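Chain residues, written in single-letter form:
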Amino acid sequence: MSYSYTLWFTFFGLLIGHGAGAITGAIIGFIFDNLRHSQRKRATPEAGGFVGPLFTLLGAVAKSDGRVSEAEIAIAERLMSRMGLGAEQRKQAATSFNVGKQPEFDVTHTINELRQWVGMRRDHAFPVLDVVIETVLAEGNPPPEKMAILRQLAFALRISDMELMALMAMKGYAWNAGPGRRGHGPGAGGYVPPQRSSQGPDPYTVLGVDRNADDRAIKRAYRKLISEHHPDRLGDLPDDMRKRAESRASEINAAYDRIKEARGFK
């Protein structure tokens, strides 16, 4: 539990009212710290509660273009192993995957389940998106049906197109959502598929900033991102989710280092 409010209120109380003020400030700060701790505890999603809806959505993504490929099945099976699922959980995951790949399956309810599991925890939204992106990109440049589901999920999890572009860039794909393409249908606004980048991730896209942004904006974007993607924030999620967060943090650090080197600032 963090006691930052307690320390700050104690300090200000000391300045204003000396000893008595410090005691009063410490009490007020402690109350605020406890409230924040309680809210954060309630916001932490139940470990394992995402397995069913996540694999259901992976099945729907795999089937959205009309067929489920061996590559997509292999990704689902590797994910089960990397997440350390037991026999019962693997059975649940496989059943959920098969449910999702049924013809005309509507992903709306499943996405809503994932949104409820994530809650206000953006640091939990990114690992979920990362897993789905892996299936979306299983066969290379994805068709519009797969990207439509991915964007619907991102929108539900309060992840912007700019942030989604950054996640795609970390996977080695360049993608520009473009103006007026928020719709979720396959042809919404005209489809531009992500393309594998031969030059590696664009550092500005990874940080979600414009190339013309000043140094201060770049530093601010970096600090925000590295905070959101730090694996220590993930609580008791599976090791695979932590490793994904570590990988994203490494990509963010690498992008920031490239920009610093190019611009010559520290």
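Description of the structure in this document. (Residues numbered from 1 in each chain as written. Predicted model: local features only at pLDDT ≥ 70, side-chain atom pairs only at ≥ 80, totals over all residues. Heavy atoms only, no water.)

With that out of the way, let us pick up the overall build of the protein. A count of helices and strands for the protein gives 11 helices and two strands. Each helix and strand of the protein, ordered N terminal to C terminal, gives the series α-α-α-α-α-α-α-α-β-β-α-α-α. Counting all 266 residues of the protein, 42% fall into the buried class. For the protein, long-range pairs separated by at least 24 residues make up 72% of all intrachain contacts whose partners lie at least 6 apart in sequence. With the model as given, the accessible surface of the protein reaches about 13900 Å², and the carbon-plus-sulfur share is 55%. (Helix = DSSP H or I, 4+ residues; strand = E, 2+ residues; numbered from the N terminus. Buried < 20%, exposed > 50% of the residue type's maximum accessible area, 1.4 Å probe, protein only. Contact = heavy atoms within 4.5 Å. Areas by Shrake-Rupley, 256 points an atom, 1.4 Å probe, with all protein chains shown as cover.)

What follows concerns helix H7 (residues 144–156). In a regular helix each residue adds 1.5 Å, so 13 residues correspond to 18 Å; H7 covers 18 Å between its end C-alpha atoms and thus fits that length. Of the positions making up H7, those classed as buried are Lys-146, Met-147, Ala-148, Ile-149, Leu-150, Arg-151, Gln-152, Leu-153, Ala-154 and Ala-156. Contacts made by the buried residues of H7 are with helix H2 (51–63), helix H3 (70–82), helix H5 (108–118), helix H6 (122–136) and helix H8 (161–170). At the exit of H7 stands Arg-158, carrying a positive phi of roughly 65°. (Expected span 1.5 Å × (residues − 1).)

This part takes up the pattern of salt bridges. Tallied over the entire structure, the rule returns 12 salt bridges. Note that Arg-67 is salt-bridged to Glu-139, the shortest N-O span being 2.8 Å. A residue pair is termed long-range when its members are at least 10 positions apart, and Arg-67 in the loop between H2 and H3 and Glu-139 in the loop between H6 and H7 qualify at 72 residues. For Arg-67, a relative accessible area of 46% gives the class partly exposed. For Glu-139, a relative accessible area of 35% gives the class partly exposed. Each of Asp-65, Arg-67, Glu-72, Glu-139 and Lys-146 takes part in a single network of salt bridges with overlapping partners. (Salt bridge = Lys/Arg side-chain N within 4 Å of Asp/Glu carboxyl O.)

Now for a nonpolar patch on the surface. A contiguous nonpolar patch, built from Ile-23, Ile-27 and Ile-31 and spanning about 300 Å² of accessible area, is present on the exposed surface. Mapped onto the elements of the fold, Ile-27 is located in helix H1 (residues 4–43). (Patch = residues over 30% accessible without salt bridge, like charges linked within 9 Å, V, L, I, M, F, W, Y side chains within 5 Å.)

The tally for this structure, following the rule as stated, stands at two aromatic pairs. With a centroid separation of 4.8 Å and 55° between ring planes, the pair formed by Phe-50 and Trp-117 is classed as tilted. Within this pair, whereas Phe-50 is found in the loop between H1 and H2, its partner Trp-117 is found in helix H5, the two being separated by 67 residues in sequence. Taken together, a centroid distance of 3.9 Å and an interplanar angle of 5° make the contact between Tyr-222 and Tyr-256 stacked. In this pair, Tyr-222 sits in helix H10 (residues 215–228) while Tyr-256 sits in helix H11 (residues 239–263), placing the two residues 34 residues apart along the sequence. A residue is classified by how much of its surface remains accessible, and Tyr-256, at 9% relative accessible area, is buried. (Phe/Tyr/Trp six-rings, centres within 6.5 Å; stacked < 30°, edge-to-face > 60°.)

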